[in-house]
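Geometric and topological summary
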Amino acid sequence: MALRNVPIRRKLMLVMLLTCIAVMLMMRATFFIYEYRTFREATQRELSTLGRVVAANSTAALAFENQEDASETLSALRAERHVTAAALYDRDGRLFARYPEGVADGGLPAAPGRDGYAFNGATLDGFEPVVQKDRRLGTLYLRVDAGAVMHDWIWGSLRIALAVMGAVLLIAYLISRLMERQISRPILALAETARAVTARRDYSVRAQKHGQDEVGLLTDAFNLLLVQIHAQKTALDEHAIVAITNDQGALTYVNDKFCAISGYARGELLGRDHRVVNSGTHPKEYIDGLWKTIAQGKVWHGEFCNRAKDGALYWVATTIVPFLLSDGRPFEYVAICADITGLKRAQAEILTLNRELEQRVFDRTSQLEAANRELEAFSYSVSHDLRAPLRHIDGFAQLLNTRLDGKMDDTSRRYLTTVTDSAKRLGVLIDDLLVFSRMGRTEMKRVEVDSQQLIAEVRTEFQQEIQNRRIEWSIDPIPPVLGDPAMLRQVWANLVGNALKYSRRRDVARISITHRIDPADGHVFAVQDNGAGFQMEYAGKLFGVFQRLHHANDFEGTGIGLANVRRIVERHGGRVWAEGRPDEGATFFFSLPQIPEYRLHLAAAHL
Amino acid sequence: MAFLKAATRSRRWIRWLGMVVTFAGWAIGTSARAETAAEYQVKAVFLFNFTHFVEWPPAAFKSPDAPLVIGIFGEDPFGRTLDDVVRGEKAGLHPLVVRRIHDPAEAADCHVLFVFRSAMSNFAAVLAAVRDHAVLTVGDGDDFARRGGMIRFVTASNKIRLRINLDAVRSAGLTVSSKLLRPADIVPAGGD
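Given the structure is predicted, the values throughout are model-derived calculations rather than measurements.

Observations regarding the overall build of chain A
Looking only at helices and strands, chain A has 13 helices and 17 strands in total. When the 607 residues of chain A are sorted by exposure, 23% land in the buried category.

Brief notes about the pairing of strand E4 (residues 123–132) of chain A
As a general feature of sheets, a regular strand has side chains that alternate between the two faces. Residue and element names in this part refer to chain A. Of all the 10 residues making up E4, 7 are buried; the element is thus mostly covered by neighbouring parts of the structure. In the sheet, strand E3 (residues 116–120) pairs with E4 via 5 bridges, with the strands oriented antiparallel. When the bridges of E4 are listed, Tyr117 appears paired with Gly126. Between the antiparallel neighbours E3 and E4 lie 2 residues, among them Gly121 with a positive phi of about 70°. Of the pairings in the sheet, the one linking E4 to strand E5 (residues 135–145) comprises 10 bridges and is antiparallel in character. Each residue of the ladder has a partner; that of Glu128, found in E5, is Leu140. Linkage of E4 to E5, two consecutive antiparallel strands, is achieved through a turn of 2 residues, within which Lys133 is found at a positive phi near 50°.

Things to note about the sheet that holds E3 of chain A
All names here are of chain A. Reading across from one edge, E2-E1-E5-E4-E3 is the order of the 5 strands in this open sheet, with antiparallel pairing throughout. Lying at the two open borders of the sheet, with one neighbouring strand each, are strand E2 (95–99) and E3. Put simply, the sheet's adjacent strands are angled 15° from each other on average, direction ignored. Of the strands in this sheet, strand E1 (83–90) and E2 are in contact with helix H2 (residues 67–75), which crosses E2 at around 35°. Of the strands in this sheet, E3, E4 and E5 are in contact with helix H3 (residues 146–200), which crosses E5 at around 55°.

Looking at helix H12 (residues 561–571) of chain A
Residue and element names in this part refer to chain A. The element H12 is largely enclosed, with a buried count of 9 among its 11 residues. Those residues of H12 lying buried are Gly561, Leu562, Ala563, Asn564, Val565, Arg566, Arg567, Ile568 and Val569. Downstream of H12 by one or two residues, Gly573 has phi in the positive range, about 90°.

A look at the confidence of the model for chain B
All names here are of chain B. Of all residues in chain B, 80% attain a pLDDT of 70 or more, and the chain-wide mean is 80. Per-element averaging of pLDDT across chain B places helix H1 (residues 2–9) at the bottom with 44 and strand E2 (residues 68–73) at the top with 92. Note on residues 1–8: pLDDT under 50 across the span, and 7 contacts to partners over four residues away in sequence or across chains. Interface confidence for the predicted complex, given as ipTM, is 0.74, next to a pTM of 0.46.

Section: the sheet that holds strand E8 (residues 159–165) of chain B
Residues and elements named next belong to chain B. If you trace the 8 strands from one edge of the open sheet to the other, you get E3-E4-E2-E5-E6-E7-E8-E10, paired in mixed fashion. A strand with exactly one partner marks an edge of an open sheet, and here the two such strands are strand E3 (90–91) and strand E10 (185–187). Across 6 bridges, E2 lies against strand E4 (residues 94–101) in parallel orientation. Each residue of the ladder has a partner; that of Gly71, found in E4, is Arg99.

Quick word on the pairing of strand E17 (residues 585–592) of chain A
Residues and elements named next belong to chain A. E17 sits mainly inside the fold: 7 of its 8 residues count as buried. As paired strands, strand E15 (residues 522–528) and E17 are joined by 6 bridges and run antiparallel to one another. Note on E17: the bridge partner recorded for His523 is Leu592. Pairing of strand E16 (residues 576–581) with E17 involves 6 bridges; the strand directions are antiparallel.

A short note on the packing of H3 of chain A against helix H4 (residues 214–239) of chain A
Residue and element names in this part refer to chain A. Contact geometry for H3 and H4: axes closest at 10 Å, N-to-C directions at 10°. Comparing their axes, H4 and H3 come out roughly parallel. In this structure, the crossing between H3 and H4 has a hand that is left-handed. Facing Pro186, Ile187, Leu190 and Val197 of H3, the residues of H4 in contact are Val215, Leu218, Thr219, Phe222 and Leu226.

Details of the confidence of the model for chain A
Averaged over all residues, the pLDDT of chain A is 85; the fraction at 70 or higher stands at 96%. For the stretch residues 603–607 of chain A, pLDDT sits under 50, and the model shows 8 contacts to residues farther than four places along the chain or on other chains.

The rules behind the values
- Residue numbers run consecutively from 1 along every chain, following the written order of its sequence.
- Chain letters start at A and ligand numbers start at 1, both assigned in the order the entries are written.
- Confidence filtering applies because this is a predicted model: local features only for residues at pLDDT of at least 70, side-chain atom pairs given and counted only at 80 or more, and all residues used for totals across whole chains, interfaces and linings.
- Where helices and strands are cited, they refer to DSSP runs of H or I of at least four residues and of E of at least two residues respectively, numbered from the N terminus.
- Think of it as a crowd count around each C-beta: if 20 or more other C-beta atoms lie within 10 Å the residue is buried, if 12 or fewer it is exposed, and in between it is partly exposed, with C-beta placed from the backbone throughout.
- For two strands to count as paired, DSSP must find a minimum of two bridges between them.
- The axes are straight lines fitted to the C-alpha atoms, using for helices just the contacting stretch, and the angles between their N-to-C directions are given from 0 to 180°.
- Contacts here follow a simple rule: the backbone-placed C-beta atoms of the two residues must lie within 7 Å.
- Values of pLDDT, the confidence the predictor places in each residue, fall between 0 and 100.
- Note on angle classes: values under 35 degrees are labelled roughly parallel, values over 145 roughly antiparallel, values of 65 to 115 roughly perpendicular, and the remainder oblique.
- In this scheme, a crossing is called left-handed if the near helix is turned counterclockwise away from the far one by less than a right angle; it is called right-handed if the turn is clockwise.

Set out below in C-alpha cells:
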C-alpha cells in the first residue's frame, strides 16, 4: 500500500516510532563507541589486576624454582575463560612454567617482553613483573582472547540495547496511540459528517468542532461550505422542481415542489423510476434523444409533459445535468424543472386565437379582393363604355365645325371649340383612369431594371415640350433595381413630368434626381424641383386619386398621376412621400426594397 | 640486572639475550647439575631468597639499617657463590652480609644460619645458642628438621625442595610469608 494511502493515525504512529528508533540508534551508537573504549580499558585493567595476583602467587615458585607449584598457580587461570595462554619466565628470561599444560613453545613468546599489556588484533596480551620485596624474580605472560571477550560483551550490550529499545518502542507506541486519537478522531468525525450529508442530502447538518487547531479550521471551512450549499439549495428549492436519479433512472432525491406538483408522497417516489410521472405524451424518439444526450455527459434542455398522481397533466421546462464518474460514466442525473403548465395553456390559447384571427383576416381579404375586383371591372367597363359616346361627341362636333365653317359667328365657334376641348380632356381622363385601373390588375414582372436608362427615355419624351426652357438637370448615378420596367417607367414619367410642369414658371428650372440607400427603406429615390411647391399640411392628399392642390387653369392634370405612382411603388413593396413649401419647390421620394446584389442576379435569372 | 636494564632499551635485545642466556643456562645446567658446586649455587640463591619471604622482628636488628647476616656454620660448601649472590643486595634497608662461623655462640648474631650436613654434630649446640633469638635455621642434613631445624633443603629427582618446620619457625618469632609455604612441604615438629 502506498504511504499516502496509509491512514493518518498509522502515519503518526510510524513517524513517532521511526523517530524513536532513529534517536535510539544514534544514542546507542554514540554510547557504544564510548562503551567500547571504556570496555577495552577495563579489560586491560582487569587483565593487569589478574596478572598482579598471579604474579604475586608465583613469587615463591620462581624464587625456589618449583615448577610444579608454578604450573599449579597458572592452572588456576582455568577459572578465567578468556585467558588462552600464560607463562612464567625466571629472572634470566627462561620459560619456567606454561599454561595450558600442553601449549607448544611456539605458542608463547620465547622471552619476556616489555612490561605492560597491549591489544594485538583480537588478542590482548602482555608481561607482568614478578616481584618480591622489590626484587624481580621473573616475568608473567598473560594472553586473553579479546575477540571472544568483545563478542560476549557486544552480545550482552546488544541484548540490553534491544530490551531497552523494545521497552521504549512500546512506550512510544502507547503514546502515539493516545496522540493519534487526538488527531484522527476529529478528522474521522468530519469525514463521517460529510458522508451523512451526502447520503441524506441534508445540508442543515453541521460538523462538531473539537479544537482550534488545523482540523478545527477545516471543520469551520466545511461548515461554511455547508452553509453556502444549504443557502443555494434552499433558493433552488424555492424556485424549481428538483429530482435526482441514479444511473439506472431510479429516483434518489425529490424536493418538496416535486412532491407537490406530482401529488405523490416522497416515500412513494424514492427508489422508483422517474417514469412514474410519465404521461406518454412524448414520442419515443424524443425520450431516446434525451437519454442519448445525457448518457454522453451532455446537458439536456427541453420541455416535458408529466402526469400527476391524480391523472392531471402538467408541463415542466427541464434541464437535466448528468454527473459523471472519473471514467466518464454517468452515476447521477440532476433534473431541475420549472412549472410551465400555465404558460403552455396560454400558448395554446394564443395559437387558437391566432388561427381564428388568420381565418377571419383571410375571409375579409377575400371579400375585399372580390369587391375590389368588381370595382375595378366596373370602373374599367365604365371608362371603356364612356369612350364610345365621347368619340361620337368629338366626331360630330368636328363634323359640325366642318359643315358650318364660315357660317358660324364667333360665339358659336367658341362654344364648339369648348365642346371639342372638353371631349379631348375627357378622353385623356378616361385614358388615365384606364391606365390606373390596369396598374391594379395587370400581372407585375420582376426583372432587373436600369433606372438610368428609364430616366433618359422619359427626358427624351419631354424634349418637345421643354425645348424653349432653361433647365438645369442634376442626376445621380442610379443603380439597377428589381421591378416591372413599364410600371417604373410610369413612375419616372410622372415624377419628372410633374417637376417640369410645376417649375415651368421659373426662369431657370432646377431639377435634381438623387439616390441613396436607407437602412429601413432600401433604395430611396428623390426628384426635386424649384417649382410651385405645396403646403406641407396637404402632403397626405398628394397621392390620392383626383386630389389636386392646384387649379387646372394653373397647372393642367387629371389628378391620377401621383395616385398611379403610389400604386406602382406600393406594389413593388416600397412607399412614397413628399416634402415641399409653397413657391419654393417640392421633393418627391419613393423607395424600393433593396435586394442584395447576388439575389438580384439570381432573381433576374429565374424570371 | 644489567641485562634487564638493557632489555628495557630494546625488545630485540631482550629476545637475543634471552636466547643466549637460556642456552647458556641449559648448557651449564646439564653439565654442572650433578656437581655439588651447581647444587650449592642454587642453595645460595635460595638462602638469599629466604630474606625476602621471611620477616624478622625489629628487635633482631640493632638499628633499622643494620646488616642482615647470613651465617654459614661449619664447613662452607658455597665457596664464593653466596658472597657473589648477596653482594650489593639488601633486604629492605638491611644490607646483606655473609659470615662464616665455627663457634655455636656466634650463631645468635646471625639472621639466617645455614648448617651444612657435616656440621650436624654440633647442631644441638647451635640450636641452644639461637634459642630465643630470631634466627632462621636452614640445613640440608637428613635429620635436620627432626632435630629442630626450621627449613631443610631436600634433593629429589634432581630438584631442590623445601621442608619447613613451621612450629620451629614460629617459636623463633619469625614470620614466614604464606607464599613461601606454597612451594614448600610443611612438616610437624620432629618430623622429617
